[in-house]
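Structural characterization, general
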Amino acid sequence: MANTTSAKKATRKIARRTAVGRDRRGRVRSFVRKVEEALAAGDKEQAVAALKVAEPEIMRAASKGVLHKNTASRKVARLTARVQVLNA
């Protein structure tokens, strides 16, 4: 357990940041799941709409440090490719 005042404060800060990161990561997963479900259902319009909402959310998570920039780009690229296949 933390002994010093500064270590106790650091522990509190880490706990707050962890909670925020967990919420943001869960939010990204929810948006990605909506795209996945639309793809599984074969619904073009819903997949495109879900992707349009999910992309900025994924990139926002990258800018906040929840995801690495390249990871976010890869996720968006793969989802976009799958939606394009559905549209073809």
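Look up: the structure comes first, before these words.
Since the model is a prediction, treat every value here as computed from it, not as a measurement.

Let's shift gears to helix H3 (residues 69-87). Along its 19 residues, H3 runs 27 Å from first to last C-alpha, staying within 8% of the 27 Å computed at 1.5 Å per residue. Of the surrounding secondary structure, the elements contacted by the buried residues of H3 are helix H1 (5-41) and helix H2 (44-63).

A separate point is the environment of Asn87. Within the secondary structure layout, Asn87 lies in helix H3. A relative accessible area of 34% means that Asn87 is categorised as partly exposed. For the pair formed by Asn87 and Ala7, sequence separation is 80 residues and the distance between their alpha carbons is 54 Å. Non-local contacts of Asn87, meaning those with residues more than four positions away in its chain, are made with Lys44 and Val48.

Attention now moves to the pattern of salt bridges. Counting across every chain of the model gives three salt bridges. The partner of Glu36 in a salt bridge is Arg82, and the shortest N-O contact between them spans 3.0 Å. Of the two residues, Glu36 sits in helix H1 while Arg82 sits in helix H3, which places them 46 residues apart along the sequence. Residue classification places Glu36 among the partly exposed positions, given a relative accessible area of 30%. We note a salt bridge from Glu57 to Arg60, for which the minimum N-O separation is 2.9 Å. Taken as a pair, Glu57 and Arg60 lie in helix H2 at a separation of three residues, close to a single helical turn. On the basis of relative accessible area, Glu57 is assigned to the buried category, the value being 9%.

Okay, H2 next. Here H2 contains 20 residues, and its C-alpha end-to-end distance of 29 Å stays within 8% of the 28 Å for a straight helix at 1.5 Å per residue. Taken as a whole, H2 has its buried residues at Ala47, Ala50, Leu51, Ala54, Glu57, Ile58, Ala61 and Ala62. Turning to H2, the residues buried within the fold contact H1 and H3. Where H2 begins, the capping side chain belongs to Asp43, and its oxygen is found 3.5 Å from the backbone nitrogen of Glu45. Count one or two residues on from H2 and you reach Gly65, which has phi positive near 90°.

Next up on the list: the environment of Arg22. Relative to the assigned elements, Arg22 resides in helix H1. Classification of Arg22 by relative accessible area gives exposed; the value is 53%.

The rules we used
- Residues numbered from 1 in each chain as written.
- Predicted model: local features only at pLDDT ≥ 70, side-chain atom pairs only at ≥ 80, totals over all residues.
- Heavy atoms only, no water.
- Helix = DSSP H or I, 4+ residues; strand = E, 2+ residues; numbered from the N terminus.
- Expected span 1.5 Å × (residues − 1).
- Contact = heavy atoms within 4.5 Å.
- Buried < 20%, exposed > 50% of the residue type's maximum accessible area, 1.4 Å probe, protein only.
- Salt bridge = Lys/Arg side-chain N within 4 Å of Asp/Glu carboxyl O.
- Polar contact = N/O pair within 3.5 Å; in protein donor to acceptor, adjacent residues only side chain to side chain.

Take it as geometry only, folks, not as evidence of what the structure does.
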